[in-house]
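Coordinate inspection notes
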Amino acid sequence: MTSSEIRKTFLDFFQSKQHTIVPSAPIVVKGDPTLMFTNAGMNQFKDWFLGNQPAKYRRVADTQKCLRVSGKHNDLEEVGVDTYHHTMFEMLGNWSFGDPNDPNAGYFKKEAIAWAWELLTEVYKLPKDRLYVTVFEGDKKENLHFDEESNTCWKQHIDHSRILMGNKKDNFWEMGDTGPCGPCSEIHVDLRSKEERKQTDGKILVNTGHPLVIEIWNNVFMEFNRKADGTLEKLPARHVDTGMGFERLCMAIQQKKSNYDTDIFQPTINYIEAMSGIKYGSSEQTDIAMRVLSDHIRAIAFTIADGQLPSNNKAGYVIRRILRRAVRYSFTYLNFKTPFIHRLTPLLADQFKEVFPELFEQKDFVQKVIKEEEQSFTHS
Ligand code: SER
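Residues numbered from 1 in each chain as written. Predicted model: local features only at pLDDT ≥ 70, side-chain atom pairs only at ≥ 80, totals over all residues. Heavy atoms only, no water.

Topic: the pairing of strand 9 (residues 179-190)
For strand 9, a buried count of 12 out of 12 residues is recorded, marking the element as mostly surrounded by other parts of the structure. As paired strands, strand 6 (residues 131-136) and strand 9 are joined by three bridges and run antiparallel to one another. Across the sheet, residue Tyr132 finds its bridge partner in strand 9, namely His188. With three bridges connecting them, strand 8 (residues 172-174) and strand 9 associate as antiparallel partners. Within the sheet, the bridge partner assigned to Glu174 lies in strand 9 and is Cys181. Taken together, strand 8 and the strand that follows it, strand 9, pair antiparallel across an intervening segment of four residues. (Buried < 20%, exposed > 50% of the residue type's maximum accessible area, 1.4 Å probe, protein only. Helix = DSSP H or I, 4+ residues; strand = E, 2+ residues; numbered from the N terminus. Pairing = 2+ DSSP bridges.)

So, in structure tokens, the structure goes:
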């Protein structure tokens, strides 16, 4: 399957389960002082979770442009050095919104878990013996119980030995210092070779930072609001918030060993190879640099297309820093001595024309902004 087919299959699957497909919210968050950039699919539904606004739909699915470069969720330093973290990534998500006046409205753990399993193993056909799931073990300090319900639901689908317990750090998801949160159940995939899997049980590599034993999908069961004083208060209703890393899912389905080997990043990497005269795979340093460029251009271009220009403060400064990180790698390791990064924009705009048309519609403007920014940084 191509990445476009994988994305479409996700949305079609949840549409067939009566979900309304909504567009991605912009990457730049306006009107929420707790957040600079969209860091999860659930951000745009925060007020529905908290009960500040009635949910417009009971069930929703989408692909959300996310940026994890500041605040509670910040992966910037890993990006490029490893093969599976990104600044900007797509999060595929499905949601159920409960109703404070009707405890039977919406679905919860049973359905979310059953559908996640059905989609991964029956539709995408990921081998069951490469999957692990985690369940929240509880936390005494926070007075949170073991998530027995998820554990019971998983037992209907997966070999019991593949259900692992997780602590608050890995299995209790929070949007930020405050806001909606709840226990979560993650799905991990083991993409190592047969020999490696024989040698070391994948179970002990889950959540250890192994590049081929990685989380692909997080199912969060929203039940609490973390308040500014640190306490947890029960939400008026229970909700489902799931997020699947699209680039990682593509790596798993396309049987690659790196997100950058999928058809999402390969066109950009091929272009960088052609322009630099350096082959991807020829050295660790140039590989990292190519990954940095092919990742960062997405964060920069999509964020500018969503209305945030590089500047000297706040969100604008974060974008400026990401661009400068890319420029440094391109000058130091790829021998580009004149501004180059802006030239990646049209490629990206074409690639995402169907799913995120906002970049295609503004590609000349976005390219110009990036070029000027590169020029002023390098004085060229
Ligand atoms: N909010 C959860 C996450 O970002 C699931 O969507 O992982």
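A look at helix 1 (residues 3-16)
For helix 1, spanning 14 residues, the distance from its first C-alpha to its last is 20 Å, which sits close to the expected 20 Å at 1.5 Å a residue. Turning to helix 1, its buried residues are Ser3, Ile6, Arg7, Thr9, Phe10, Leu11, Phe13 and Phe14. In the stretch just after helix 1, Gln18 is the one whose phi turns positive, near 65°. (Expected span 1.5 Å × (residues − 1).)

Some remarks on the packing of aromatic side chains
According to the stated counting rule, one finds 23 aromatic pairs in the structure shown. Taken together, the ring pairs connect Phe10, Phe13, Phe14, Tyr107, Trp115 and Trp217 into an aromatic cluster. The residue whose ring lies beneath Lys353 is Phe360, and the NZ or CZ to ring-centre distance is 5.0 Å. (Phe/Tyr/Trp six-rings, centres within 6.5 Å; stacked < 30°, edge-to-face > 60°. Lys NZ or Arg CZ within 6 Å of the ring centre and 35° of its normal.)

Concerning the site of the ligand
Near the ligand the following residues occur: Ala40, Met42, Arg68, Met91, Trp173, Asn218, Val220, Asp241, Thr242 and Gly243. Contact distances for the ligand include 3.0 Å between an oxygen atom and a side-chain N or O atom of Arg68. Isolated, the ligand exposes 230 Å² of accessible area, and the fraction of that covered by the protein chains is 96%. Listing elements by their share of the shell around the ligand, those giving two or more residues are strand 10 (213-226) and strand 11 (232-245). Per-element accounting of the shell around the ligand gives the leading share, three residues, to strand 11. Tallied by class, the residues present in the shell around the ligand amount to five nonpolar, three polar and two charged. (Near = heavy atom within 4 Å. Polar contact = N/O pair within 3.5 Å; in protein donor to acceptor, adjacent residues only side chain to side chain. Areas by Shrake-Rupley, 256 points an atom, 1.4 Å probe, with all protein chains shown as cover. Nonpolar A, V, L, I, M, F, W, Y, C, P; charged D, E, K, R; others polar.)

Quick look at helix 10 (residues 314-333)
Residue pairs three or four apart in sequence face the same way in an α-helix, which turns once every 3.6 residues. For helix 10, built from 20 residues, the straight-helix expectation of 28 Å at 1.5 Å per residue is met to within 8% by its first-to-last C-alpha distance of 29 Å. Taken as a whole, helix 10 has its buried residues at Ala315, Gly316, Val318, Ile319, Arg320, Ile322, Leu323, Arg325, Ala326, Val327, Tyr329 and Ser330. Next to the buried residues of helix 10 lie strand 2 (59-67), strand 3 (69-70), helix 9 (284-305) and helix 13 (363-378). The positive-phi residue at the C-terminal boundary of helix 10 is Asn335, with phi of around 65°. (Contact = heavy atoms within 4.5 Å.)

The values are spatial; any link to function lies outside them.
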